[in-house]
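Coordinates in review
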Amino acid sequence: TEEQGPAKVLQITNNWSVIDLKLTKTSSTTSTSLSATTAATIHYKLLLKGDSSEDFYPGNALSIQDSLTASYTPLPSYSIPGTSIQISSANGTNGSTLPTGPTPLTPLASPSGGNSYGYTYLNWPSGSVIKKGDTITIEFDLEVKTASACGNPSIAIQNKAEIVMNGFSYGDANNSNH
């Protein structure tokens with residue numbers, strides 16, 4: 001298992017106390033065979049840690065965006081098998097509202113500037129809550145194929161997960177850990 005960069009901490013203030021959310025991500029390769037017909041599989045595990053002192057009510061404004069970046073040639077295709085998605089709360093049925101997603105299950109690989117990009121989102125519905133001290137675990141597999149059988153079927157994929165607040169602006173307290 002390999003950690004995908006430093007953890008990000010989000011602090012939100014707007015006439016209420018500071019809310020801290022922490023998002024970490026790890027990955028492991030479960031299949032490395034890659035071609036136009038055979039997918040390589042990467043297993044991702046995201047942990048969202050709720051604030052330690054109070055519940056957070058994100059409404060439908062909170063999302064986790066998972067971004068993929070790969071070389072443009074050969075152009076990869078991505079898919080997330082629905083059967084691989086597991087979302088749970090450390091507090092079980094007394095825990096936080098779980099996000100829906102990831103959506104789309106087939107992140108579109110769109111080329112730009114010599115790279116291809118794909119995005120998928122996990123969204124919290126209106127009326128949701130992230131309970132204080134709770135950890136939400138999100139696991140899924142990403143299947144990657146090349147777009148053609150020609151060329152070098154070796155693709156380096158960069159992947160990052162970010163907390164996105166629709167309608168909110170926030171600053172990262174530590175800009176050196178992008």
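As a starting point, this report considers the structure included with it. Per chain, residues are indexed from 1 in the order of the written sequence. Local features in this predicted model are restricted to residues of pLDDT 70 or higher, and side-chain atom pairs are both shown and tallied only at a pLDDT of 80 or more, whereas totals for entire chains, interfaces and linings draw on every residue. The side-chain figures draw on all heavy atoms in the structure; neither hydrogens nor water molecules are used.

On a plain count of helices and strands, the protein comes out with 0 helices and 12 strands. Secondary structure elements are defined from DSSP: runs of H or I of at least 4 residues count as helices, runs of E of at least 2 residues count as strands, and each element is numbered from the N terminus. Traced from its N-terminal end to its C-terminal end, the protein shows the element sequence β-β-β-β-β-β-β-β-β-β-β-β. Within the protein, the fraction of its 178 residues that count as buried is 38%. Should any heavy atoms of two residues lie within 4.5 Å, those residues are counted as being in contact. Sequence-distant contacts in the protein: of pairs separated by 6 or more residues, those separated by 24 or more amount to 75%. Throughout, the Shrake-Rupley method with a 1.4 Å probe supplies accessible areas, and for residues the shown protein chains are the sole cover considered. Accessible surface for the protein amounts to roughly 9300 Å². Of this, 49% is attributable to carbon and sulfur atoms. Only protein chains enter the area calculation, which uses a 1.4 Å probe; residues under 20% of their type maximum are buried, those over 50% are exposed, and those in between are partly exposed.

This part covers the pattern of salt bridges. In the sections that follow, a salt bridge refers to a side-chain nitrogen of Lys or Arg positioned within 4 Å of a carboxyl oxygen of Asp or Glu. Applying the stated criterion across every chain yields a total of 2 salt bridges. Residues D66 and K25 are paired through a salt bridge, measuring 2.4 Å at the closest nitrogen-oxygen approach. With a gap of 41 residues between them, D66 in strand β5 (residues 62-71) and K25 in strand β3 (residues 19-31) connect regions that are remote in the sequence. In terms of burial, D66 and K25 fall into one category: buried. A salt bridge links E162 to K160, with the shortest nitrogen-to-oxygen separation between them at 3.9 Å.

The criterion for an aromatic pair is that two Phe, Tyr or Trp rings (for Trp, the six-membered ring) have centres within 6.5 Å, with stacked assigned to planes under 30 degrees apart, edge-to-face to planes over 60 apart and tilted to the rest. Taken as a whole and judged by the stated rule, the model has 1 aromatic pair. The interplanar angle of 40° and the centroid separation of 5.8 Å between the aromatic rings of Y44 and F140 together place this pair among those described as tilted. Pair noted here: Y44 is in strand β4 (residues 40-49) and F140 is in strand β11 (residues 135-146), with a separation of 96 residues, a long-range link. In this structure F140 comes out as buried when scored by relative accessible area, which is 1%. Put simply, a charge is over a ring when the Lys NZ or the Arg CZ is close to the ring centre, within 6 Å, and near the line of the ring normal, within 35 degrees. Seen from the ring of Y44, K25 lies directly overhead, with NZ or CZ sitting 4.3 Å from the centre.

A few words now on the pairing of strand β6 (residues 76-79). The alternating pattern of β6 places P76 and Y78 on a buried face, while none of S77 and S79, on the opposite face, is buried. Summarising the sheet, β6 and β11 pair through 4 bridges and their orientation is antiparallel. Residue pairing in the sheet places S77 in a bridge with K145 of β11. Strands are treated as partners if at least two bridges between them are detected by DSSP.

We define a nonpolar core as any set of buried Ala, Val, Leu, Ile, Met, Phe, Trp, Tyr and Cys residues linked to one another through side-chain atoms lying within 4.5 Å. Counting 29 residues, the largest nonpolar core has L46, L48, L62 and I64 as the members making the most contacts within it. Looking at this core, the elements that each hand over two or more residues are β3, β4, β5, β11 and β12 (157-165). Setting aside anything within four residues of it in sequence, one finds L48 in contact with L21, K22, L23, W124, I130, D134, T135, I136 and I163.

Mapped onto the elements, K145 comes out in strand β11. Residue K145 is classed as partly exposed on the basis of its relative accessible area of 28%. Sequence-wise, K145 and Y78 are 67 residues apart; in three dimensions their C-alpha atoms are separated by 6.6 Å.

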